[in-house]
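# Results of the structural survey
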Amino acid sequence: MKILSIESSCDETAAAVVKDGREVLSNVVSTQIEKHKIFGGVVPEIASRLHTENISWVVEKALTDAGVTLDDIDAIAVTYAPGLIGALLVGVNYAKGLSLASGKPLVPVHHLRSHIAANYITHKDLKPPFMCLTVSGGNTLLCKVNNYTDFEVVGRTRDDAAGEAMDKAARTLGLPYPGGVNLDKISKNGDNKKYKFPKPRVDGSPLDFSFSGLKTSVINLVHNAEQKGEEINPADVGASFINAVVDSLCENTEKAMAMYSEKTLVLAGGVSANSVLRSRMEALAKEKGWTLYLPDLSLCGDNAAMVGAQGFFEYKKGQIATMALNGKATADISLAYEE
Ligand code: KG4
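### Some details on the packing of helix α7 (residues 212-228) against helix α8 (residues 234-259)
It is the contact of α7 with α8, at a shortest axis distance of 11 Å, that shows an interaxial angle of 165°. The orientation of α7 relative to α8 falls into the category roughly antiparallel. Every pair of crossing elements has a handedness; the one defined by α7 and α8 is right-handed. Between α7, through Leu214, Lys215, Val218 and Leu221, and α8, the contact on the second element is made entirely by Val237, Phe241, Ala244 and Val245.

### Focus: helix α6 (residues 179-186)
Of all the residues in α6, the buried ones are Gly179, Gly180, Asn182, Leu183 and Asp184. Tucked into the core, α6 has its buried residues touching α5 (162-172), α8 and α9 (275-288).

### Observations concerning the state of the cysteines
Taken as a whole and judged by the stated rule, the model has 0 disulfides. Note on Cys143: no disulfide assigned, nearest cysteine sulfur contributed by Cys132 at a separation of 5.3 Å. A disulfide-free cysteine, Cys250 has its sulfur positioned 14 Å from the sulfur of Cys132, the nearest such atom.

### Things to note about the nonpolar core
Nonpolar side chains tend toward joint burial in soluble globular proteins. Within the largest apolar cluster, 41 residues are counted, with the highest numbers of intra-cluster contacts made by Leu183, Phe241, Leu249 and Met281. Sorting the residues of this core by element identifies β6 (130-135), α5, α7, α8, β9 (264-268) and α9 as the ones contributing at least two each. For this core, the leading source of residues is α8, giving 10 residues. Beyond its immediate chain neighbours, meaning those up to four positions away, Phe241 contacts Ala165, Met166, Ala169, Leu183, Phe197, Leu214, Lys215 and Val218. Of all hydrophobic cores here, the second largest spans 34 residues; its members include Ala16, Ala75, Met306 and Val307.

### Regarding the site of the ligand
Residues in contact with the ligand amount to 17 residues; listed here are only the nearest, His111, His115, Gly137, Asp167 and Gly270. Gly270 places a main-chain nitrogen or oxygen 2.8 Å from an oxygen atom of the ligand. Computed on the free molecule, the ligand has an accessible area of 550 Å², of which 86% lies beneath the protein chains in the complex. Counting residues per element, the ones that place at least two in the shell around the ligand are α4 (111-122), α5 and α6. Sorting elements by how many residues they give to the shell around the ligand places α6 first, with 3 residues. Taken together, the residues of the shell around the ligand sort by class into 3 nonpolar, 11 polar and 3 charged. Composition of the shell around the ligand by domain shows at least three residues from each of domain 1 (2-116 + 299-317) and domain 2 (125-297).

### Quick word on unusual backbone geometry
Cis peptide bonds are those with omega within 30 degrees of zero, and the linkage from Ala81 to Pro82 qualifies with -15°. Within the fold, Pro82 resides in the loop between β4 (75-81) and α3 (85-102). Of note, the phi angle at Asp20 is positive, near 50°, even though the residue is not glycine. When you line up the elements, Asp20 lands in the loop between β2 (12-19) and β3 (23-31). Exposure remark for Asp20: the relative accessible area of 35% places this residue in the partly exposed category. Here the phi dihedral of Ser261 falls at roughly 50°; this positive angle occurs in a residue that is not glycine. Its location among the elements puts Ser261 in the loop between α8 and β9. On the basis of relative accessibility, which here comes to 64%, the residue Ser261 falls in the exposed class.

### Description of the domain arrangement of the protein chain
Each assigned domain of the protein chain is listed with its residue range as follows: domain 1 (2-116 + 299-317) and domain 2 (125-297). Inter-centroid distance (C-alpha atoms) of domain 1 to domain 2 is 26 Å. Counting residues at the interface gives 20 residues for domain 1, matched by 27 residues for domain 2. Both sides together, the interface formed by domain 1 and domain 2 hides about 1800 Å², and carbon and sulfur atoms give 67% of it. The three residues of domain 1 that bury the most area against domain 2 are Leu112, Ile116 and Cys300, which together make up 36% of that side's buried surface. Linking domain 1 to domain 2 there are 10 residue pairs in polar contact (both at pLDDT 80 or more). For the side of domain 1 that touches domain 2, the leading source of residues is α4, giving 4 residues. When grouped by side-chain class, the residues that make up the side of domain 1 that touches domain 2 number 9 nonpolar, 5 polar and 6 charged.

Calculation rules
Residues numbered from 1 in each chain as written. Predicted model: local features only at pLDDT ≥ 70, side-chain atom pairs only at ≥ 80, totals over all residues. Heavy atoms only, no water. Axes fitted to C-alpha atoms, helices over the stretch in contact; angles between N-to-C directions. Helix = DSSP H or I, 4+ residues; strand = E, 2+ residues; numbered from the N terminus. Parallel < 35°, antiparallel > 145°, perpendicular 65-115°, else oblique. Left-handed = near helix turned anticlockwise from the far one by under 90°. Contact = heavy atoms within 4.5 Å. Buried < 20%, exposed > 50% of the residue type's maximum accessible area, 1.4 Å probe, protein only. Disulfide = S-S within 2.5 Å. Core = buried A, V, L, I, M, F, W, Y, C linked by side-chain atoms within 4.5 Å. Near = heavy atom within 4 Å. Polar contact = N/O pair within 3.5 Å; in protein donor to acceptor, adjacent residues only side chain to side chain. Areas by Shrake-Rupley, 256 points an atom, 1.4 Å probe, with all protein chains shown as cover. Nonpolar A, V, L, I, M, F, W, Y, C, P; charged D, E, K, R; others polar. Domains from an automatic or database assignment. Buried area = accessible area lost by both parts, 1.4 Å probe.

Given below as structure tokens:
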């Protein structure tokens, strides 16, 4: 079964053709990074406009690269939530138009479900059940993936996402957008013990995360040093900060794995590209005897191949939308799409 998939939840306009949920026939991503860089972050209005400008050629290229036409496609999958509402609407409306014109079924896909599904492309043998840590720019979630369309959230951030904290730390250190990637790069040779950051804990909810205190403390550290005219080494601050974020991610994951007697761990989302997170989780998995699955680096960020992968399983479950499909800025991963 071939699915044409579309993603436009943030600052990447993407389309792909995916066969049977695992085989990528094409994967086109038009990134807006350069356009948002001068503002230090994504400007929602600009994102929506750029999606509108780019979506047609991106979808056409995805079909051409896969060597197919719309006639060869069995269903059209699209990210409907969560994300920037104006950005989501571009992809959703384009997909609705294609579906109406072609008569092909329309499959709504939750963005975080698709981040997890990036792993089905990377690891052909991976099947639920497993525990998944999803860390992206807008979300940090620990969930039990009971089957391809059954997600049980066991821990989530109470405030900022890990990616948001990475991005703000990077911005405070004067690094260009996208912050997390650049913070990772400059921190490689930094001293990760040089600065102490608070250990975030959520009272009574041992699996929940909180990153806003960490974010404030790195901002304060840099501003205080500036006011006192003290020199700080960005690599040391970055390495210490990443270490604190990764400590929190590893600690809660370890607790969740023990609490639910899980032995298989999957990482997903943009921050799963972080080199420290990947190597620390690899070491932890080895120590604990877990099987660890990491998404290929090329599939950690937003893309449509992962939407096609999850779309396949949603379609098989009978998750088909009508022309009433709408974008949603927020949506719980555990709830199925409803009209
Ligand atoms: O999953 P994603 O592409 O978008 C959302 O769905 O939110 O995640 C983007 C986030 C950004 O916050 C970005 O800075 C972060 O992932 N990120 C990283 C790295 N690569 C991307 N954070 C830390 N280290 C990285 N190497």
